[in-house]
Amino acid sequence: MTNHWVDLKNSDAVLIIGGNPAENHPISFKWITAAMEERGAKLIVVDPRFNRSASKADLYAPIRSGTDIVFLGGLVNYVIQNKLYNEEYVRSFTNALTSISADYKGPAELDGYFSGFKQSNAAYDPATWQYQTEKVSAKDGSGNEIQVSVPKQAASLDDPNSVFAHLAKHYARYTPDLVERVCGTPQATFLQVAQTFAATGSADKSGTILYAMGQTQHTVGTQNVRAMAILQLLLGNVGVPGGGVNALRGESNVQGSTDMALLFGDLPGYLGLPTSAQADLKTFLTKFDNTSYWSNGGRFVTTLLKAWWGDAATKENDYAFNYLPKSSGNYSWIPLFEAMYKGTTKGLFVMGMNPYVSGPNARLERKGFENLDWMVVMELFDTETSSFWRAPGVNPQSIKTEVFLLPAADGLEKSGSLTTSGRLIQWRNRVAAPPGQAQEDIWILDKLMKAIKAAYKDSSAARDRPILDLVWNYGDTIDVQAVAREINGYALADVKDASNKVLVPKGAVLPGFPTIATAANYDAIACGCWIYSGYFAPADDGSGVTMPAVKRRGQKDPGGMGTYPFWGWAWPANRRILYNRASARPDGQPWSEGKKLVWWDAGKKTWTGYDVPDYLATKAPDSKANPAGVGLAAQAGTDAFIMKADGKGWLFAPKGLNEGPLPEHYEPLESPTANLLSKLQFNPVVKIWDTDKGKAIGDNVGTADKFPIVCTTFRLTEHWQAGAMSRNLPWLAEAQPGMFVEISKELAAEKGIGNGDSVEITSARGKIRATALVTMRWKSYMIGGKKVHHIGMPWHYSWVGLATGDSANDLTPHVGDGNSSIPEYKAFLVDVNKVG
């Protein structure tokens, strides 16, 4: 999240699209309710289903699953056509005035494609998406005048080569009529939403967008989020109180897991995992630009390598960079299970997950378990994954996989930190001991790593040095606070600045990552995650008591803006709102008194306020850019987005996204209609797997003639993820005892289905049975002049536990987003019929 949970109370409009916080994130909804009651904020819910959040909303807009870009693009078009954008913000803080290559062409001209698409490898060459540049004079570090290339700026927003002009042209096609025909949202309802949310473009207003898996679990999921960001940048809603693009994470510590690089292509702190093309440190570090805060990327990488390999990581050996694995492909969920299905992967370690239930095209993925030599499962309960070999219809004698079950501890049975969606890190103490032989995850991993190191202790092979040289000094019985200290960062020797002044004495923890950025001998620092640096450092709790920052529970709220800086610690630097330089006008003064967060104090010549400024504290608003400078010295006083090379919020993304610089609508893999916007039906960069082609009911991709109904999956308040924790609890099992499918009264009448009837839901990949819940929460849609029905079902169930039922993911497709590869759980085709 760019903002934090309590900040929701500062919003004048809350747009929830693809999420249901009233049901799944109730604490966040507390602050939404506060905004509605105290500020008169308007709540808007856009969802295929009239959910519990919608029941509390001022406006509810139905939408067909998989069409969010059309809806959001329609809002962008409405804002531009009616000149409701915050022009001062847009000109100063975004790349709206930057000129794009004259060779760039968009989908309006290329019928769905962007320029640069290569049919041979189904990928884009982004050369035509780049900024135009021009030469300017600048002075280098020695005072010499040199010529430097900088992005060329247009004279006005109407310049045909400007980002803004391209944006306006691209989304001019996204009319209210198109929204109705593609999304199924009535035009009148859409225009009410547009009018209400666009009002937050006023300087004294702000609006927030909340989203969840209903946005990300699509083949265009990343671009869905980009579309939200574009809308918020136009309205001036990024970096301000009550604004932001804010994710409703699916677990209490999902944010922490991504921060710590549990995704296959990353290193802690979003440093990125080296690829096979980046064979040495020098090559790898060229990924970091030199004109943003990422100019310190090499320092952050070095301190991470020192944390992992200590004395073995030296300047002479590139700080043991060669010890890091180099990525040579896509190791996300779907390719992982495709490899298991083919027998390529021999072993699997499963920690606190139940992939038997949670994976898409689960029938295929379960076959992958049978092709493993071994599998280790760390769990609280026996699950469908740990017992796949004795599932209904499976002969245990035919399974060769050896399964090891390690009993683990629940979250309340262990101490440590967790990171909320709002980047707030809080320490949680253990409140109970785990039962029987169950152990904390950290205890299990410690024993495992010590055993691995012992097994390799006599090896002289160079390939084994990463294991033997790994620093593993957390105590005979692992101390979680020792791990926290390493994540925070500490001094391996006296850390000094350029004048030889000691910044941090040997053995002390780092006060924050600016020390890494300024130290002369930064390789005397070990830091396991640079963005967390400072979270375990001593800090005042607001009452004069000092403790590790993450453990604080101070109640003070300076300015009444809900920042609560003495409660826990938010990365980075205890900053509660990211890019908060944009909360002040270009001249450094607040947009309004009611939204006052940080501002420039001309008398003291510093930025001050109620949050930690996301900016150089002494850089004046009228500071000019120095194109020859390094890092933030290269940026101007109005460059609020300090992690971008040009210092601007990107309305147009010249790099970083696989399917184009602007979000464009493509239909889901399985759709009831042709793409009404262009001839290009489906995201052209997405891989369509055909491993099990011909082995399912209707082949592995369904069509509307056989499967005419759109289906999506959702979560229940009463159950948790794949059900291992909640389906074993009697009170929750009683509340939601089994699998059901929600269908509209209209569809039920057409199919002769009554409430409580047993029905069969069929897709191209399988079929399941469920109890029909006939409800007014769902309505049919008119899509391109044709009636389309939409249904939904929870995905928590399977055959183990007290609450059981067929699994929704038997039906979902094996296809993922064009960037993250997250599976498309939220839009696929089915048919439903009464049983008996």
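About the cut-offs
Along each chain, the written sequence defines residue order, and numbers are assigned to residues from 1. It should be noted that, the model being predicted, local features are given only for residues of pLDDT at least 70 and side-chain atom pairs only at 80 or more, the latter also being counted only at that level, while totals for whole chains, interfaces and linings use all residues. For side-chain calculations, the full set of non-hydrogen atoms in the structure is used, while hydrogens and water are omitted. Comment: elements are numbered from the N terminus, with helices defined as DSSP H or I runs of at least four residues and strands as E runs of at least two. In this description the radius of gyration comes from C-alpha coordinates, and the expected globular size is given by 2.2 Å times residues to the power 0.38. Think of it in three bands: with a 1.4 Å probe and only protein chains considered, a residue is buried below 20% of the maximum accessible area for its type, exposed above 50%, and partly exposed in between. In these tables, accessible area is a Shrake-Rupley quantity obtained with a 1.4 Å probe, and a residue counts as shielded only by the protein chains included in the view. This count recognises Lys and Arg as positive and Asp and Glu as negative, with His and chain-terminal groups excluded. Where a charge lies is defined by one atom per residue type: Lys uses NZ, Arg uses CZ, Asp uses CG and Glu uses CD. One bridge is not enough; two strands pair if DSSP finds at least two bridges between them. Interaxial angles span 0 to 180 degrees and are taken between N-to-C directions of axes, which are lines fitted to C-alpha atoms, for helices over the stretch in contact. Contacts were defined at the residue level, with two residues in contact if any of their heavy atoms lie within 4.5 Å. Polar contacts, as used here, are pairs of N or O atoms within 3.5 Å; protein pairs need one atom able to donate a hydrogen and one able to accept it. Residues neighboring in sequence count only if both atoms are side-chain atoms. Each angle receives one of four descriptions, namely roughly parallel if under 35 degrees, roughly antiparallel if over 145, roughly perpendicular if within 65 to 115, and oblique otherwise. Each crossing is labelled by how the near helix is turned from the far one, with a counterclockwise turn of less than a right angle marking it left-handed and a clockwise turn marking it right-handed. Note on residue classes: Ala, Val, Leu, Ile, Met, Phe, Trp, Tyr, Cys and Pro are nonpolar, Asp, Glu, Lys and Arg are charged, and everything else, Gly too, is polar. Each residue after the first adds 1.5 Å to the expected span of a helix. Two aromatic rings, drawn from Phe, Tyr or Trp (for Trp, its six-membered ring), form a pair once their centres lie within 6.5 Å of each other, and the interplanar angle then sorts them: stacked below 30 degrees, edge-to-face above 60, tilted otherwise. A positively charged side chain is recorded as over a ring if its NZ (Lys) or CZ (Arg) lies within 6 Å of the ring centre. The angle to the ring normal must also be within 35 degrees. The split of the chain into domains comes from an automatic or database domain assignment. The definition of a nonpolar core used throughout is a set of buried Ala, Val, Leu, Ile, Met, Phe, Trp, Tyr and Cys residues joined through side-chain atoms within 4.5 Å. One side-chain nitrogen of Lys or Arg within 4 Å of one carboxyl oxygen of Asp or Glu is enough to make a salt bridge. Any pair of cysteine sulfurs within 2.5 Å is marked as a disulfide.

Student: Would you explain the overall build of the chain in this entry?
Tutor: For the chain, the count of helices and strands is 23 helices and 31 strands. Compactness check: the chain gives a C-alpha radius of gyration of 27 Å against a globular reference of 28 Å for 836 residues, within 12% of the reference. Every one of the 836 residues in the chain was classed for burial, and the buried ones make up 57%. Counting every atom, the chain has about 32,800 Å² of accessible surface; 53% of that belongs to carbon and sulfur. Here the chain contributes 83 positively and 83 negatively charged side chains, and the mean placements of these two sets differ by 1 Å.

Student: Help me understand the sheet that holds strand E10 (residues 347–351), please; the structure alone is not making it clear to me.
Tutor: What holds strands together in a sheet is hydrogen bonding between their backbones, with the strands either parallel or antiparallel. Taken together, the three strands give an open sheet; going across it, the order is E10-E11-E12, and neighbouring strands pair in parallel fashion. Looking along the sheet, the strands with just one partner apiece sit at the ends: E10 and strand E12 (402–407). For this sheet the average axis-to-axis angle between neighbouring strands, irrespective of direction, equals 10 degrees. In terms of strand pairing, strand E11 (residues 374–379) meets E12 through six bridges, oriented parallel. The partner of Glu379 across the bridge, within E12, is Pro407. In the packing of helix H18 (residues 441–455) onto the sheet, the strands contacted are E10, E11 and E12, and the crossing angle to E10 comes to about 150 degrees.

Student: When you look at the side chain of Gln232 in this model, what are you seeing that I'm missing?
Tutor: By the secondary structure assignment, Gln232 is in helix H11 (residues 221–235). In terms of polar contacts, Gln232 uses its side chain to reach the backbone carbonyl oxygen of Gly244, at 2.9 Å. Discounting chain neighbours no more than four positions away, the residues touching Gln232 are Phe197, Gly207, Thr208, Ile209, Asn237, Val238, Gly243, Gly244 and Val245.

Student: Got a minute to help me understand the packing of helix H8 (residues 176–183) against helix H9 (residues 187–198) in this structure?
Tutor: For any two helices packed against each other, one specifies the crossing angle of their axes together with the interaxial distance. Between H8 and H9, whose axes approach to 9 Å, the crossing angle comes to 120 degrees. Between H8 and H9, the angle is such that the two are oblique. Crossing of H8 against H9: the hand is right-handed. Between H8 and H9, the contacting residues are Pro176, Asp177, Val179 and Glu180 on the first element and Gln187, Phe190 and Leu191 on the second. Residues belonging to the contact of H8 with H9 are distributed by class as follows: four nonpolar, one polar and two charged.

Student: What exactly am I supposed to notice about helix H14 (residues 297–309) here?
Tutor: Side chains that are three or four residues apart share a direction in an α-helix, a result of its 3.6 residues per turn. Taking 1.5 Å of rise per residue, the 13 residues of H14 would be expected to cover 18 Å, and the 18 Å separating its terminal C-alpha atoms lies within 8% of that figure. The buried fraction of H14 amounts to eleven of the 13 residues, a majority that puts the element mostly inside the structure. What H14 keeps buried is the set Gly297, Gly298, Phe300, Val301, Thr302, Thr303, Leu304, Leu305, Lys306, Ala307 and Trp309. Its buried side turned inward, H14 meets helix H13 (281–285), helix H19 (465–468), helix H20 (480–488), helix H21 (514–518) and strand E18 (525–526).

Student: Can you help me understand the packing of aromatic side chains in this one?
Tutor: For any pair of aromatic rings, geometry is given as the distance between the ring centres together with the angle between the planes. Under the defined criterion, the tally for this structure stands at 36 aromatic pairs. Taken together, the ring pairs connect Phe284, Phe288, Tyr293, Trp294, Phe300, Phe321, Phe513 and Trp530 into an aromatic cluster. Here Arg49 stacks its cationic end above the ring of Phe714, 3.9 Å away from the centre of that ring.

Student: I tried to follow the domain arrangement of the chain on my own but got confused; where do I start?
Tutor: Accessible area lost on assembly of the parts is the figure often given for the size of an interface. Domain annotation of the chain identifies domain 1 (6–121 + 152–247), domain 2 (257–325 + 481–538) and domain 3 (709–834). Of note, the centres of domain 1 and domain 2, computed from C-alpha atoms alone, are 36 Å apart.

Student: What is the right way to read the nonpolar core from this model?
Tutor: Nonpolar side chains in soluble globular proteins generally cluster together in the buried interior. Residues Phe71, Leu75, Leu231, Leu234 and Leu651 are the most contacted members of the largest nonpolar core, which totals 77 residues. A total of nine residues in this core trace back to one element, the largest contributor, which is helix H4 (residues 68–81). Discounting residues that sit within four places of it in the chain, Leu651 has contacts with Val90, Thr94, Asn95, Ala96, Val163, Leu167, Arg226, Ile230, Leu233, Leu234, Pro661 and Leu662. Of all hydrophobic cores here, the second largest spans 57 residues; its members include Leu304, Trp309, Cys529 and Ala539.

Student: Any chance you could explain the packing of H4 against H11 here in plain terms?
Tutor: Their axes nearest at 9 Å, the elements H4 and H11 cross at an angle of 15 degrees. The angle between the axes of H4 and H11 places the two elements in the roughly parallel class. Read as a crossing pair, H4 and H11 show a hand that is left-handed. Seen from H4, the contacting residues are Asp68, Ile69, Leu72, Leu75, Val76, Val79 and Ile80; seen from H11, they are Gln223, Asn224, Ala227, Met228, Ile230, Leu231, Leu234 and Leu235. Partitioned by chemical class, the residues of the contact of H4 with H11 number twelve nonpolar, two polar and one charged.

Student: Help me out: how do you make sense of the pattern of salt bridges in this one?
Tutor: Pairing of side chains with opposite charge becomes possible as their charged atoms draw close. Tallying each qualifying case throughout the model produces 30 salt bridges. Residue Arg765 pairs with Glu670 through a salt bridge whose shortest N-O separation is 2.6 Å. A residue pair is termed long-range when its members are at least 10 positions apart, and Arg765 in the loop between strand E26 (758–763) and strand E27 (766–775) and Glu670 in the loop between strand E23 (606–609) and strand E24 (709–714) qualify at 95 residues. Like Arg765, the residue Glu670 is buried in the burial classification. It is possible to trace a salt-bridge network through shared partners that takes in Asp12, Arg39 and Lys595.

Student: When you look at the state of the cysteines in this model, what are you seeing that I'm missing?
Tutor: A disulfide bridge is the covalent bond that connects two cysteines by way of their sulfur atoms. Per the stated rule, a full pass over the model turns up zero disulfides. No disulfide involves Cys527; its sulfur sits 6.9 Å from that of Cys529, the nearest cysteine. A relative accessible area of 1% places Cys527 in the buried class.

Student: Explain the sheet that holds strand E9 (residues 245–247) here, please?
Tutor: Across the sheet, five strands lie side by side as E3-E2-E1-E8-E9; this open sheet has parallel pairing. In the strand order of this sheet, the two ends are held by strand E3 (59–61) and E9, each with one partner. Direction aside, the axes of adjacent strands within the sheet are offset by 20 degrees on average. As paired elements, strand E8 (residues 207–211) and E9 share three bridges and run parallel to each other. Bridge pairing in E9 places Leu210 opposite Asn246. Across the sheet, H11 is in contact with strand E1 (13–17), E8 and E9; its angle to E8 comes to roughly 175 degrees.

Student: Explanation requested: unusual backbone geometry in the structure shown.
Tutor: Glycine aside, residues mostly have negative phi, and peptide bonds are mostly found in the trans state. Following Trp571, the chain continues to Pro572 via a peptide bond in cis, the omega torsion being -5 degrees. Of note in this structure, Tyr319 is not a glycine but carries a positive phi near 55 degrees. With respect to the helices, strands and loops of the structure, Tyr319 is situated in the loop between H14 and helix H15 (333–342). Overall, Tyr319 belongs to the buried group, its relative accessible area being 7%. Even without being a glycine, Gln721 presents a positive backbone phi close to 50 degrees. Tracing the backbone shows Gln721 in the loop between E24 and helix H22 (730–735). For Gln721, a relative accessible area of 17% translates into the label buried.

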